Amino acid sequence: MNGYRQETDSLGTCDVPADALYGVHTARALENSPLAGRLVHRGLVHAYGAVKLAAARANHELGWCDERKFAAIETACQEMIDAALDEHVVVDALQGGAGTSTNMNVNEVLANRALQLLGKPLGDYETVSPLDDVNLHQSTNDTYPTALKVAAIYGLRELERHVVVLQEAFQEKERQFAHVVKVGRTQLQDAVLTTLGREMSAYAEAIGRDRWRIYKCEERLRVVNLGGTAIGTGLGAPRQYIFRAVEHLRQITGLGLARAENLIEATQSADVYVEVSGILRALASNLLKIATDLRLLSSGPEAGLGEIRLPARQAGSSIMPGKVNPVIPEAVSQAAIAMMGHDQMILQAASAGNLELSQFLPLVADALLASLDLLARACHVFTRHCVVGIEADEARCRQTVLGSTAALTALVERIGYERAAELGAAAQAERKSIREVAVERGVLTADEFDELIAPEQVTRLGSGDAHGQTKSAPSEETA
């Protein structure tokens, strides 16, 4: 079908593409808000389908919708949940009206799809109305935040799945590298000996905390204001509808949702999104730190630290032959930084709400759902294309251990600080390894030195049980 049909709202008449499932409200939104250049997040659209289905079922139970009309609306809602109507939700992610453009786009698409199912022409709103039927007993101000919370919970669960896989990948590297002794560094300077396995275990533990935080913060999103309508008073909605709508949404989504006890507060406050974003920011912070560490540990490889090898993913330069860059950690780092930018958007938008409504919720929704997607993809790429393929350069690690003053710390308990310092100075002056100097001067045998820098020694918790009583310590008779 070509051409246009005319639809009317309180502002007058507007031309709408004849075959469009959207209507006049969406057409005006398309003209008014071409801002972000990207559509409303598809997860929000699918969640909106669930919210509309819950409302329709509650209204049907209470006798507000006849069986035939309800069946058509119910089918349309399910199609929206299943992503079958994605192409028809066309409004920009950023919009005025606290999300009214999105709500009306959804209402119009569902109404017109129901009309198709009933064999009626598009725009026949006397039969199925976007406002009087699909939006019955609802407001943007209760449906939009409810849909956002549902979409965010699904996003959190998807993110958690990828975080778990990343954590397990580092745990596997912890086991693989448990025997590899290396130099530990503070302030980028040689410090004490550790193992590469212990280094990986720290990353696994940090990501494990993120996993737990993500799991727990879902609770913050389970409280919804569906039924509160405009400002949380439930104006225009039957009391029984208010109780039943959330129950139906819980059944449809399978999520442990609950109606807010204070619907007015739940309608105007957006701090829960700030809190959830803060949890995501913590994950971004860990990803950035770990990605930076892996870049440093793999640097060189000949003229840098070179203690690990990352999977080679791309040729690194158009002018430097043979160069391979750590593109995966670099990409993950940028994703983490971008998420931190989204976090600031959420903070500013949530803080700018006025009186009974947070009018910048579309920006919150766009930034929060984008953050969830971005971090999930970052964790997936990091795991699949980097972490699982990390290899240890054991010879390089051994070389740096023997040549670094960090090895001296492992000797202090046996030979004392002053003597260890003398060995360090001699090694530097003679350009020899600590091991060579210690053996040549008879301070330690080669076996004794190797024992002191063995994995079980450098990773044990603390020193001996009592002063002067450590394993292999010389007795008073032989000292």
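Predicted model only: the values in this text are computed from it and were never measured.

## Details of the side chain of Asn141
- Structurally, the position occupied by Asn141 is in helix α6 (residues 140–176).
- Take Asn141: its relative accessible area is 14%, and that puts it in the buried class.
- Ignoring anything within four residues of it in the chain, the contact list for Asn141 reads Ala98, Asn225, Thr229, Ala230, Thr267 and Leu357.

## As for the nonpolar core
- Among the nonpolar cores identified, the biggest contains 116 residues, and Leu159, Tyr273, Leu283, Leu287, Leu294 and Phe382 are the most heavily contacted of them.
- At 13 residues, the largest contribution of residues to this core is made by α6.
- Excluding residues that lie within four positions of it along the chain, Leu294 makes contacts with Met200, Tyr203, Ile308, Leu310, Phe382, Cys386 and Ile390.
- The next biggest cluster of nonpolar side chains, apart from the first, holds 23 residues, and it includes Val181, Ile415, Ala420 and Val443.

## Quick notes on the pattern of salt bridges
- Counted under the stated rule, the structure contains 30 salt bridges.
- Notably, a salt bridge pairs Arg185 with Glu307, separated by 2.7 Å at the nearest N-O pair. Of this pair, Arg185 sits in strand β3 (residues 181–186) while Glu307 sits in the loop between α10 (271–297) and β7 (308–309); the two residues are 122 residues apart in sequence, bridging distant segments of the chain.
- For Arg185, a relative accessible area of 25% puts it in the partly exposed group.
- The exposure class of Glu307 is buried, given its relative accessible area of 0%.

## Here we look at the pairing of strand β4 (residues 189–195)
- By the bridge criterion, five bridges tie β3 to β4 in an arrangement that is antiparallel. For Lys182, the partnering residue across the bridge sits in β4 and is Thr194.
- The antiparallel pairing of β3 with β4 creates a hairpin that spans two residues between the two strands, and Gln187 there sits at a positive phi of about 55°.

Conventions we followed
Residues numbered from 1 in each chain as written. Predicted model: local features only at pLDDT ≥ 70, side-chain atom pairs only at ≥ 80, totals over all residues. Heavy atoms only, no water. Helix = DSSP H or I, 4+ residues; strand = E, 2+ residues; numbered from the N terminus. Buried < 20%, exposed > 50% of the residue type's maximum accessible area, 1.4 Å probe, protein only. Contact = heavy atoms within 4.5 Å. Core = buried A, V, L, I, M, F, W, Y, C linked by side-chain atoms within 4.5 Å. Salt bridge = Lys/Arg side-chain N within 4 Å of Asp/Glu carboxyl O. Pairing = 2+ DSSP bridges.

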